[in-house]
Protein chains: 2
Amino acid sequence: MNALIGLGDNRRPTIRDVAKVAGVSPSTVSRVLNGRGPVRESTRRQVEEAIRRLRYAPHPAARDLRLKSGHLLGLIISNLTFPFFGEVLKGVVETATARGYGVLLADSEGRLRRELELLEEVRRRGCRASLLITSAYRPEHALVLRRSGMPVVLASAHVADPEVPCVGVDNAAAAFELMQHLLAQGHRRIGIIRGPLDDPVTSGERLKGCRLALQGAGLPWDEAMVEEGDFSIRGGREAAERLLARGVAMTALFAFSDEMAMGALQALRRAGLRVPEDVALAGFDDLPLAEGLEPPLTTIAQPKGEIGRVSAGLAIDLAEGRPVQRIKVTVPHRLIVRRSTAAH
Amino acid sequence: MNALIGLGDNRRPTIRDVAKVAGVSPSTVSRVLNGRGPVRESTRRQVEEAIRRLRYAPHPAARDLRLKSGHLLGLIISNLTFPFFGEVLKGVVETATARGYGVLLADSEGRLRRELELLEEVRRRGCRASLLITSAYRPEHALVLRRSGMPVVLASAHVADPEVPCVGVDNAAAAFELMQHLLAQGHRRIGIIRGPLDDPVTSGERLKGCRLALQGAGLPWDEAMVEEGDFSIRGGREAAERLLARGVAMTALFAFSDEMAMGALQALRRAGLRVPEDVALAGFDDLPLAEGLEPPLTTIAQPKGEIGRVSAGLAIDLAEGRPVQRIKVTVPHRLIVRRSTAAH
DNA sequence: TTGTACGCGTTATCAA
DNA sequence: TTGATAACGCGTACAA
């Protein structure tokens with residue numbers, strides 16, 4: 001009596017098949033499925049038995065059509081290969097799954113145009129909300145975000161526009177703290193490897209924090225101490241090489257990603273400089289590799305998983321029209337001091 | 001005349017709205033959209049104009065319901081935070097997008113049970129095929145894969161079961177080559193850091209390659225030279241520490257991932273051993289960090305993007321019932337020799 | 001407490 | 001070349 005039932009042909013079972021097997025009407029099956037109306041206990045059991053035997057599952061498209069609500073969350077990411085984003089992604093998927101949403105993944109390859117196209121695309125595919133994970137937010141985004149016809153949450157970045165929901169750390173404060181730490185060690189000439197120039201937002205905030213810290217210590221801001229990198233290992237190595245080639249005298253170097261710091265470490269070593277004895281080194285993100293470097297890297301930890309979870313939760317809340325306390329969420333960062341900036 | 005048209009309420013426009021604006025029937029609009037039946041050129045233009053003005057896009061759920069075909073590809077991954085998988089993911093998304101498929105992402109967190117559940121879940125959500133990216137394939141998978149009711153491609157692993165479609169490198173051959181390289185440098189005592197014990201497949205193949213190479217050189221296989229790691233930096237460090245603590249004499253160390261090699265490098269350094277002078281070191285995968293280590297790491301390059309692209313293409317072909325040459329695809333690997341195994 | 005009938009937006013079939 | 005109609009599988013008024 002517990003045997004599975006196969007339909008004659010091998011089409012997937014519908015709610016009608018279940019009804020027939022259970023000896024009830026389709027609406028009753030629907031009620032059991034969704035726990036809506038009243039259903040006698042014995043009936044419920046019969047229906048559930050039938051569902052099990054047929055291995056029935058509601059057809060998602062039919063359900064979505066009827067309810068006008070795909071339970072899909074779009075996720076547009078500028079670089080699938082950044083380990084940082086991988087951890088954010090994990091958080092997104094976790095929350096989305098828990099709330100019954102699927103995650104539709106798209107890769108913008110860092111191209112602004114593509115990002116905007118994909119926003120359209122995921123909407124067409126029935127996503128009720130989207131997350132945008134990009135390392136280069138531009139003002140041009142705002143218009144598209146607003147007219148996209150669905151809530152779009154910017155994960156891992158803060159922008160001024162009050163209409164754009166954002167989740168991320170306080171970049172200025174984080175950079176400020178890290179600089180203070182370096183200053184406290186007595187460093188006065190601090191090199192900086194910022195992110196790409198076409199990302200005015202995140203790097204801009206961090207630079208602001210750096211400037212503030214220097215100012216607080218009565219030190220001048222020197223544009224010549226800043227080089228640009230693309231957040232990658234190679235980018236960091238090349239930026240550090242440019243800094244060294246220019247003959248910039250520095251006793252400390254702050255890279256805006258752990259990976260760039262890793263690259264910089266390599267460049268410094270090759271130049272015969274020891275870390276931290278000759279040059280102190282710091283990164284940003286606290287990736288696993290930060291602890292794996294020799295010496296282990298001082299850095300700013302971001303709650304990557306939480307950024308993902310909060311972003312997804314916010315996007316879903318907005319999509320479902322739930323009340324939301326704030327659309328700008330700042331998650332806590334943490335300064336992690338390791339040997340790469342140890343006093344000597 | 002080119003102005004956008006807004007509907008009174010703000011529901012999304014349907015094919016009927018387009019028909020009304022264009023002064024034709026819904027069927028005609030459908031024909032224009034799908035390029036099926038015959039349509040007079042002037043009519044087509046009117047319809048296209050209406051589509052543009054209404055910013056109309058077909059409702060995906062309605063379309064799927066009618067056509068019984070969601071254009072969705074499931075992607076179940078065991079560890080979203082492995083950089084290696086990130087690159088594979090990128091390839092998957094690229095091909096899926098190009099072929100009109102969305103990618104539905106799920107995270108199994110490396111748990112077998114969860115993987116099987118998610119396989120059900122993505123099917124319920126209307127995926128026509130799925131990819132499974134896992135570092136621990138178990139025989140238990142086979143049954144579920146077969147009864148899941150959709151094609152499932154195993155990306156980045158090869159299993160013996162002839163029914164299971166797989167895409168990946170020839171792990172045995174790759175490990176063999178790397179060992180040959182070490183042997184050619186005169187190494188006779190070679191430590192190995194394998195992957196997790198609960199992954200019999202990938203690590204098993206690589207071990208087989210190692211054994212074969214040693215055998216070819218007339219050297220014995222010594223189980224004591226093998227330690228287990230979980231593919232992570234920390235895992236590699238701890239495995240190397242265990243090896244050293246056991247007093248294993250080795251002049252070379254082969255880790256089955258670049259990240260474990262990075263961890264091992266740290267452990268060796270801390271033990272006062274120089275790489276490559278005292279111990280040669282090699283990894284697997286050729287992640288960006290391999291080149292960024294000091295010294296740069298000898299490793300096996302896998303075509304990560306291609307693995308993703310081929311897997312996705314294969315899954316979609318199977319889903320659409322297209323003819324497929326082979327369901328077992330071996331993609332080429334490449335030995336990359338860098339300073340970490342330089343002769344001295 | 002349960003069943004009947006309708007419509008969600010689309011495409012395919014058929015008749016005009 | 002075009003239009004009317006039915007059906008995909010589900011949830012929900014409304015009637016029983």
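Residues numbered from 1 in each chain as written. Chains lettered and ligands numbered in written order. Predicted model: local features only at pLDDT ≥ 70, side-chain atom pairs only at ≥ 80, totals over all residues. Heavy atoms only, no water.

Trainee: Help me understand the relation of the copies chain A and chain B, please; the structure alone is not making it clear to me.
Mentor: Both copies of the chain are related by one operation, a rotation about an axis with a shift along it. With an RMSD of 0.2 Å, chain A superimposes on chain B once it is rotated by 180° and translated 0.1 Å along the axis. What the rotation and shift describe, once combined, is the action of a two-fold rotation axis. A high fraction, 100%, of the interface residues of chain A reappear at the interface in chain B, so the copies pair face to face through one surface. (Least-squares fit on C-alpha atoms with pLDDT ≥ 70 in both. Contact = heavy atoms within 4.5 Å.)

Trainee: Hey, could you run me through unusual backbone geometry in this one?
Mentor: Trans is the common state for peptide bonds, and a negative phi is the common state for residues other than glycine. All names here are of chain A. Here the residue pair V275 and P276 is connected by a cis peptide bond, since its omega of 5° sits within 30 degrees of zero. For P276, the location among the structural elements is in the loop between α11 (258-270) and β9 (280-282). Here the phi dihedral of S156 falls at roughly 70°; this positive angle occurs in a residue that is not glycine. In this fold, S156 is placed in the loop between β4 (152-155) and β5 (166-169). In this structure, F231 takes a positive phi of about 75° despite not being glycine. Take F231: it is sitting in the loop between β7 (226-228) and α10 (233-245). Since its relative accessible area comes to 10%, F231 is described here as buried. (Helix = DSSP H or I, 4+ residues; strand = E, 2+ residues; numbered from the N terminus. Buried < 20%, exposed > 50% of the residue type's maximum accessible area, 1.4 Å probe, protein only.)

Trainee: What should I look at first to understand the sheet that holds strand β1 (residues 72-77) of chain A in this one?
Mentor: One open sheet holds the twelve strands; their spatial order is β11(A)-β5(A)-β4(A)-β3(A)-β1(A)-β2(A)-β2(B)-β1(B)-β3(B)-β4(B)-β5(B)-β11(B), and the pairing between them is mixed. The strands lining the two open edges of the sheet, one partner per strand, are β11 (328-331) of chain A together with β11 (328-330) of chain B. Across the sheet, the mean angle separating the axes of adjacent strands is 20° when strand polarity is ignored. Bridging between β1(A) and strand β2 (residues 102-107) of chain A involves six bridges; their strand directions are parallel. Pairing of I77(A) across the sheet is with D107(A), part of β2(A). Taken strand by strand, helix α5 (residues 83-98) of chain B contacts β2 of chain A together with β1 (72-77), β2 (102-107) and β3 (129-133) of chain B, and its axis lies near 175° from that of β1(B). (Pairing = 2+ DSSP bridges. Axes fitted to C-alpha atoms, helices over the stretch in contact; angles between N-to-C directions.)

Trainee: I would appreciate a short explanation of the protein's contact with DNA strand C in the present structure.
Mentor: Of all residues adjacent to DNA strand C, which total 25 residues, the nearest are T28(A), T43(A), I15(B), Y56(B) and R66(B). Backbone sugar and phosphate groups make up 62% of those atoms of DNA strand C lying within 4 Å of the protein. R40(A) places a polar main-chain atom, nitrogen or oxygen, 2.8 Å from a phosphate oxygen of DNA strand C. Take K68(A): an N or O atom from its side chain is 3.1 Å from a phosphate oxygen of DNA strand C. Counting residues per element, the ones that place at least two in the surface near DNA strand C are α2 (26-34) and α4 (60-67) of chain A together with α1 (15-22), α2 (26-34) and α4 (60-67) of chain B. By residue number, the principal contributor to the surface near DNA strand C is α4(B), which donates four residues. Taken together, the residues of the surface near DNA strand C break down into nine nonpolar, nine polar and seven charged. (Near = heavy atom within 4 Å. Polar contact = N/O pair within 3.5 Å; in protein donor to acceptor, adjacent residues only side chain to side chain. Nonpolar A, V, L, I, M, F, W, Y, C, P; charged D, E, K, R; others polar.)

Trainee: I'm lost on the protein's contact with DNA strand D in this one. Help?
Mentor: Every one of the 25 residues lining DNA strand D counts as a neighbour, but I15(A), Y56(A), R66(A), T28(B) and T43(B) are closest to it. Of what DNA strand D places within 4 Å of the protein, 58% of the atoms are sugar or phosphate. Here a phosphate oxygen of DNA strand D sits 2.4 Å away from a polar atom, N or O, in the main chain of I15(A). The side chain of Y56(A) places a nitrogen or oxygen atom 2.4 Å from a phosphate oxygen of DNA strand D. Sorting the residues of the surface near DNA strand D by element identifies α2 and α4 of chain A together with α2 and α4 of chain B as the ones contributing at least two each. Ranked by the residues each element gives to the surface near DNA strand D, the list is headed by α4(A), at four residues.

Trainee: Hey, could you run me through the pattern of salt bridges in this one?
Mentor: For side chains of opposite charge, pairing can occur when their charged atoms come near one another. If you walk through the whole model with that rule in mind, you get 48 salt bridges over all chains. Its salt-bridge partner being R189(B), residue D222(B) comes within 4.0 Å of it at the nearest N-O pair. With a gap of 33 residues between them, D222(B) in the loop between α9 (202-216) and β7 (226-228) and R189(B) in the loop between α8 (171-184) and β6 (190-194) connect regions that are remote in the sequence. Classification of D222(B) by relative accessible area gives partly exposed; the value is 29%. We note a salt bridge from K208(B) to E205(B), for which the minimum N-O separation is 3.3 Å. With K208(B) and E205(B) both in helix α9 and three residues apart, the pair spans about one turn of that helix. K208(B) gets classed as partly exposed once you look at its relative accessible area, which sits at 42%. Ionic contacts of the salt-bridge type, sharing partners, join the residues R99(A), D317(A), E320(A) and R322(A) into one network. (Salt bridge = Lys/Arg side-chain N within 4 Å of Asp/Glu carboxyl O.)

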